[in-house]
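# Per-entry structural report
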Amino acid sequence: MTTKYMGAAAVILNSEGHILLVKHSYGKNNWDLPGGKSEEKESAEETAIREVREEVGITVHTEQLTGVYYDPNFDMHHFVFIANKSSDQKPVPSSPEILECGFYDIADLPRPISDFTYRRIQDAIRTERQQLFHTIGPRQWIE
């Protein structure tokens, strides 16, 4: 049997409308949404919640699915949810995978960031979603 991979990420906005991003300690040390691969017997929603807790130490609840992205290169589906903090917790790097985290103006995102991350942010903040399912190609980097 072939293993099918799944991952999830959370779009978390603060009261000013800035988005929470994490800076990875691996690869290009790029900025991304908090998220990652699902574990066994875990839903996409549970993955997003767990990954936020592991990466930045805050508890969130998911609100709305904003997109499902299929990556044929890895035969993987990525789910993205709008999520809200449960309290006034401050995000702090809580995993060796995360160098920094913080809230950023969507019009002035930190670099490097992938076109995939940028697209997921744009899809999430769009008020009208006509299409939830997307097929993505190899990452392009915005340096």
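Quick summary incoming for the structure in this document. Here the structure is a predicted model, which means the values were calculated and not measured. (Residues numbered from 1 in each chain as written. Predicted model: local features only at pLDDT ≥ 70, side-chain atom pairs only at ≥ 80, totals over all residues. Heavy atoms only, no water.)

### Concerning helix H1 (residues 44-56)
Quick reminder: α-helices carry 3.6 residues per turn. Residues three or four places apart thus point the same way. Selection rule: What counts as a helix is a DSSP run of H or I of at least four residues, what counts as a strand is a run of E of at least two, and both are numbered from the N terminus. To estimate how far a helix should extend, the number of its residues minus one is multiplied by 1.5 Å. Exposed residues in this analysis have more than 50% of their type's maximum accessible area, buried residues have under 20%, and partly exposed residues fall in between, with area computed by a 1.4 Å probe over protein chains only. Should any heavy atoms of two residues lie within 4.5 Å, those residues are considered in contact.
Counted at 1.5 Å a residue, the expected span for H1 with its 13 residues is 18 Å, and the 18 Å between its end C-alpha atoms agrees. Here H1 has its buried residues at Ala44, Thr47, Ala48, Arg50, Glu51, Val52, Glu55 and Val56. Looking at the buried side of H1, the elements it contacts are strand E1 (5-12), strand E2 (19-24), strand E4 (35-37), strand E5 (60-71), strand E6 (76-85) and strand E7 (98-104).

### Some remarks on the layout of surface pockets
To be explicit about the condition: Site definitions follow a grid-based scheme: protein atoms alone, a 1 Å grid, a 1.4 Å probe that fits but cannot get out for cavities, and for pockets an open set with protein on both sides within 12 Å along at least five of seven lines, plus lining residues having an atom within 4 Å of a point. Grid points are joined across faces, edges and corners, and a volume is the space filled by probe spheres set on the points. Classes in brief: Ala, Val, Leu, Ile, Met, Phe, Trp, Tyr, Cys and Pro nonpolar; Asp, Glu, Lys and Arg charged; the others, Gly included, polar.
What the largest pocket holds in volume is close to 640 Å³. The wall of the largest pocket is formed by 29 residues, among which His24, Tyr26, Asp32, His78 and Arg139 lie closest to the centre. A total of 4 residues in the lining of the largest pocket trace back to one element, the largest contributor, which is E6. Of the residues contributing to the lining of the largest pocket, the split by class is 11 nonpolar, 9 polar and 9 charged.

### Here's the deal with the nonpolar core
Just so we agree on the cut-off: Side-chain atoms within 4.5 Å link the members of a nonpolar core, which is a set of buried Ala, Val, Leu, Ile, Met, Phe, Trp, Tyr and Cys residues.
The biggest cluster of nonpolar side chains holds 16 residues, and the ones touching the most others in it are Val11, Ile19, Leu21, Leu33, Leu109 and Ile121. The set of elements that each furnish at least two residues to this core consists of E1, E2, E6 and helix H2 (115-125). A total of 3 residues in this core trace back to one element, the largest contributor, which is H2. Contact partners of Leu109, with chain neighbours within four places excluded, come to Ile19, Leu21, Tyr104, Tyr118 and Ile121. Counting residues in hydrophobic clusters, the runner-up holds 11 residues, among them Ile12, Leu20, Ile58 and Ile98.

### Observations regarding the pattern of salt bridges
To keep things clear, this is the line we draw: One speaks of a salt bridge when a side-chain nitrogen belonging to Lys or Arg is within 4 Å of a carboxyl oxygen belonging to Asp or Glu.
Taken as a whole and assessed by the stated rule, the structure comprises 11 salt bridges. Between Glu54 and Arg50 there is a salt bridge; the shortest N-O distance is 3.1 Å. Note that Glu54 and Arg50 are positioned in helix H1 at a spacing of 4 residues, about one turn of the helix. You can call Arg50 buried: its relative accessible area is 8%. Its salt-bridge partner being Arg119, residue Asp123 comes within 3.8 Å of it at the nearest N-O pair. Taken as a pair, Asp123 and Arg119 lie in helix H2 at a separation of 4 residues, close to a single helical turn. You can call Arg119 partly exposed: its relative accessible area is 33%.

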